[in-house]
Structure formats: structure tokens, C-alpha cells
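What follows is the residue order along each chain.
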Amino acid sequence: MAIVTTDIDGQPRNASKPDIGADEGSFLISTKDTLAPVILFTALPNTSSTANPTLVVTITDMGDKVDTTTFKPRLWYKKSNNANTWLPAGQNTSAYDGWKWVNPINNSSPFTFVIDYSLLAGGIPVPGQVIQYFVAAQDYHVNPNLAVYPVTGGYTATNVSNFSVTPSTYYSYKILKTLSGDYLVGAAQPAPFNTLNNAFSRLDSSEITGSVRFLLTDATYNLNGMITINPITGASATRTFTLKPNTGVTSRIVGYHNGNESVFRLIGADYVTIDGSNTNGGTTRDLTIEDTAGYVTGKNGAVINIRSMGVGAGSKCVTIKNCILKGGQNKPYLSDVMGILSGGQPFNNGDDNDSLVINNNLIYNLRFGIRISGNEAGIHNYVRVTNNTLDSLTRH
């Protein structure tokens, strides 16, 4: 090498320790890498479990690679009612209030984090509490590039372990109560089952661990606003939800809205049955659901609206049977008011409301009886509409 005194760029080579290769120089870690690691994961769902949850996170870096030594990726978390403070080293214990952290249990992507509830101030979370969390990672660059996920919202930090301003956006999930079995719903029942609105609010904040039935005990229920059934945590073919009159009871549910809405709306809710018969397996029509909204030209409405949340996210396995669905005004022809509408949000076509059963209902005093509106990308599969009666003023 002594006879080669310059490199490919014409620069002098080191006489005693020349670089291997064509280019001579002092090559340090690049100062041009400005790209932070990319963090991706599926958010943790609401759950009734208080076991330490696991979050699997994909973290990649196109430049200097993800730091898995000195500043390993971190998952930061706390209860929503814990202090929004950052603790000095050595205080990542339940004795101190504020954000807590865990490192992954492995050193390569996808990284596995196990949230340790024992580190939280106040102990293991209880139903009703919310856990907030985000993930931070950095690379090996001489001036490390730091990433936080979710990516929106500002924060102040020098590395994964040193935050002074909390990200303004983070993920959260709720520790749910559980429901399983039969629940009587009526004015004489203990809260939250003393009103329909309260009962469905409890359903919305619970995980069903077995099939659930809300059994109506009163003759009349005057709703305080609409009843919304969102996706029911835990619902499945073996863990279903049913609303029906209790044995021997004849009930009437009266709702009101200002147009473009419904008395009952199911939004991405699966395995839901509204059964108007007051006997198990019966066919009697013992439940009336009445929409008393004032109809306005150009505004839509429905007694029951089954809504999709998008392709592959329809309300599946919904059954409406043995009910009397009634409009409350004498001029329903002024607007497109329906007994049952299956579609999208709010009254457009929708996707994949599959396995819908509409059977043995009396629908009257409405402009339209039943409307099912799918899309080419999300056809409503396996729909059965049988034995329904569309009575006077169903159509104008």
C-alpha cells in the first residue's frame, strides 16, 4: 500500500494505517440521519381482566437501528387519575404517583411489553378506571432520533427515559365491569337497572362474560334520548345479548328525536336480539317500540336503525322479531321514516350487516316498513325478512 499515496478522491492516504477500501477518511456515525424509528401496534381493547396485559409493538429504523442497549424502547403508562408527573430514576414503584414504565422482554422487533400493574400508584386497577399509555423508542444516531407513538401531539424529551412534557395524545383502555345472565329492568329495580337508558349505559361500559338478557318489567318506558348499542365487548355466538319483556309482561317503549335519528340504534353491535315475545321461544307480539318524533320534510328517521361502521365492521347476527314498531305522528309521509333501517351512518348505505333476521314484526304508521341498504364492497349477506306485517300508512 506504500506505493498508493492517494485515495479515489485524490486525498492522501494514512502512511501507517490506511483505510481498507478506496476512500480514505475519518468515518464517524452519520450526522445526516434525521429519521426517527417507526412504531406500530394495535391498541389494547377495553377489558374486564386485571391481569397484566401484553402489547406487541413493531419498531423499525431505516438508519442507525433501534437502540436496544442503553436506551431501550419504553412503554409509559398510568391510571388516568394518577399524577401527570415524571419520576426520577429509582422511583418506578407503586410508592410514587406518576407515569410508570416497562422495557420489552426481548431485544428485537416485534417487541413484547408486559404492563406491570403492581408499579401503579394505588395498586391494581379496578372496574371503571382507565389506563393511559404510549411507546417511545430511539435510534443509535450520535444525536438520537426519538419517536413516540401515537405520533400526534407535542412532547418534550431528551431520550426515551427523560420526558418533561407529556405527549398530548396517548392511547387508553378501560377496565370494565362484567355482565352475565338475566337482569330485570324497571322502575322498581336497583340502579342502574331502574331505567332503560341506565341499563344500556351499564352494558356499554361492561364486558359480557356469558349471555345477557335485559327483561322488561314495566308497562311503559319513556326514554331519555336514544338507546345506542355500541360494539359489545365479549359478545360472540355463545355470549349474546337479548332485550325482551319478562314473562307475562306487555311493554311499550316510547322514544323521541329531532330527525335523522332513531329510537334504537345499533352501531357495529354483533349478536343482539330484540325479541318482543314475553315467552321463551314464543311468537306473541308483546313489545311496542314507538317513535314519537315530529317528522320534518327532508329529515329521516327510524324506529330501529342497524348501522355499519365500515367494510368488515357491520352489525352482524342481529335479530328483530315479534315486535310492534310504530310511528307516532299522523303525517309520516312528510319524510323518509322507517320501521327498520339497516345501512350505514347515519342513514346512508352501509357494509356487512350480515346474518340479519327480521321476523314476525308488525310495522305501521310509517312511510317505509323495512329498508336494507348495502354497498357493493360490503354486501349484507344472509339476510332473512319473513312473516312481517306492514300495515296502514306503511307507504304513502
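In short, a report on the structure. Computed from a predicted structure; not experimentally measured.

**Thoughts on the environment of T6**
Here is step 1: Along the polypeptide, T6 turns up in the segment before strand 1 (38-40).
Here is step 2: Using a relative accessible area of 39% as the deciding quantity, one classes T6 as partly exposed.

**Observations regarding the pattern of salt bridges**
Here is step 1: As enumerated under the stated definition, the model contains six salt bridges in all.
Here is step 2: Between R252 and E290 there is a salt bridge, and its shortest N-O distance comes to 2.8 Å. A residue pair is termed long-range when its members are at least 10 positions apart, and R252 in strand 16 (residues 251-255) and E290 in strand 19 (residues 287-291) qualify at 38 residues.
Here is step 3: R252 gets classed as partly exposed once you look at its relative accessible area, which sits at 33%.
Here is step 4: Bridged by salt links that share partners, the residues R252, E290 and K326 form one connected network.

**So, the pairing of strand 21 (residues 318-321)**
Here is step 1: With four bridges joining them, strand 18 (residues 272-275) and strand 21 adopt parallel strand pairing. Residue pairing across strands places I274 opposite I320, the latter belonging to strand 21.

**Some thoughts on the sheet that holds strand 13 (residues 220-222)**
Here is step 1: Spatial ordering of the open sheet is given by 13-16-19-22-25-28, a layout of six strands whose pairing is parallel. Whereas interior strands pair on both sides, the edge strands pair on one side only; in this sheet they are strand 13 and strand 28 (389-390).

**Structural notes on the pairing of strand 15 (residues 241-245)**
Here is step 1: With five of five residues buried, strand 15 lies mostly within the body of the structure.
Here is step 2: Burial along strand 15 is two-sided: the residues F241, L243 and P245 and T242 and K244 are all buried.
Here is step 3: The pairing of strand 12 (residues 206-216) with strand 15 spans five bridges and is classified as parallel. When the bridges of strand 15 are listed, L216 appears paired with P245.
Here is step 4: Two strands pair when backbone bridges link them, and strand 15 and strand 18 are joined in this way by three bridges, in the parallel orientation.

**Concerning unusual backbone geometry**
The bulk of non-glycine residues show a negative phi, and the bulk of peptide bonds are trans.
Here is step 1: With an omega of 0 degrees, the peptide bond running from S109 to P110 counts as cis.
Here is step 2: Mapped onto the elements of the fold, P110 is located in the loop between strand 4 (100-102) and strand 5 (111-114).
Here is step 3: Of note in this structure, N322 is not a glycine but carries a positive phi near 60 degrees.
Here is step 4: With respect to the helices and strands, N322 occurs in the loop between strand 21 and strand 22 (323-327).
Here is step 5: Looking at N322, the relative accessible area reads 1%, which means it is buried.

**Structural notes on the sheet that holds strand 2 (residues 54-60)**
Here is step 1: What the three strands build is an open sheet, ordered 1-2-5; its pairing is antiparallel. With one partner strand each, in any of the chains shown, strand 1 and strand 5 form the two edges of the open sheet. Each strand of the sheet is rotated relative to its neighbour by a mean of 30 degrees, with strand direction disregarded.
Here is step 2: Bridge count between strand 1 and strand 2: three bridges; the pairing is antiparallel.

**Re the side chain of Q132**
Here is step 1: Within the secondary structure, Q132 is located in strand 6 (residues 130-138).
Here is step 2: A relative accessible area of 11% means that Q132 is categorised as buried.
Here is step 3: Once you skip the residues sitting within four places of it in the chain, Q132 turns out to touch W76, Y77, K78, K79, S80, W99, Y170, Y171 and S172.

**Brief notes about the layout of surface pockets**
Here is step 1: What the largest pocket holds in volume is close to 190 Å³.
Here is step 2: Along the walls of the largest pocket sit 14 residues, with W76, L87, P88, A89 and S161 positioned nearest its centre.
Here is step 3: Counting residues per element, the ones that place at least two in the lining of the largest pocket are strand 3 (74-79) and strand 9 (162-165).
Here is step 4: Considering only residue class, the lining of the largest pocket consists of eight nonpolar, five polar and one charged.

**Looking at the state of the cysteines**
Here is step 1: Under the counting rule described, the total for this entry stands at zero disulfides.
Here is step 2: We note that C317 lacks a disulfide partner, and the nearest cysteine sulfur, in C323, lies 18 Å from it.
Here is step 3: The class of C323 is buried, set by a relative accessible area of 0%.

Here is what the cut-offs are and how they apply
Residues numbered from 1 in each chain as written. Predicted model: local features only at pLDDT ≥ 70, side-chain atom pairs only at ≥ 80, totals over all residues. Heavy atoms only, no water. Helix = DSSP H or I, 4+ residues; strand = E, 2+ residues; numbered from the N terminus. Buried < 20%, exposed > 50% of the residue type's maximum accessible area, 1.4 Å probe, protein only. Salt bridge = Lys/Arg side-chain N within 4 Å of Asp/Glu carboxyl O. Pairing = 2+ DSSP bridges. Axes fitted to C-alpha atoms, helices over the stretch in contact; angles between N-to-C directions. Contact = heavy atoms within 4.5 Å. 1 Å grid on protein atoms, 1.4 Å probe; cavity = no way out; pocket = protein on both sides within 12 Å on 5 of 7 lines; lining within 4 Å. Points joined across faces, edges and corners; volume = space filled by probe spheres on them. Nonpolar A, V, L, I, M, F, W, Y, C, P; charged D, E, K, R; others polar. Disulfide = S-S within 2.5 Å.

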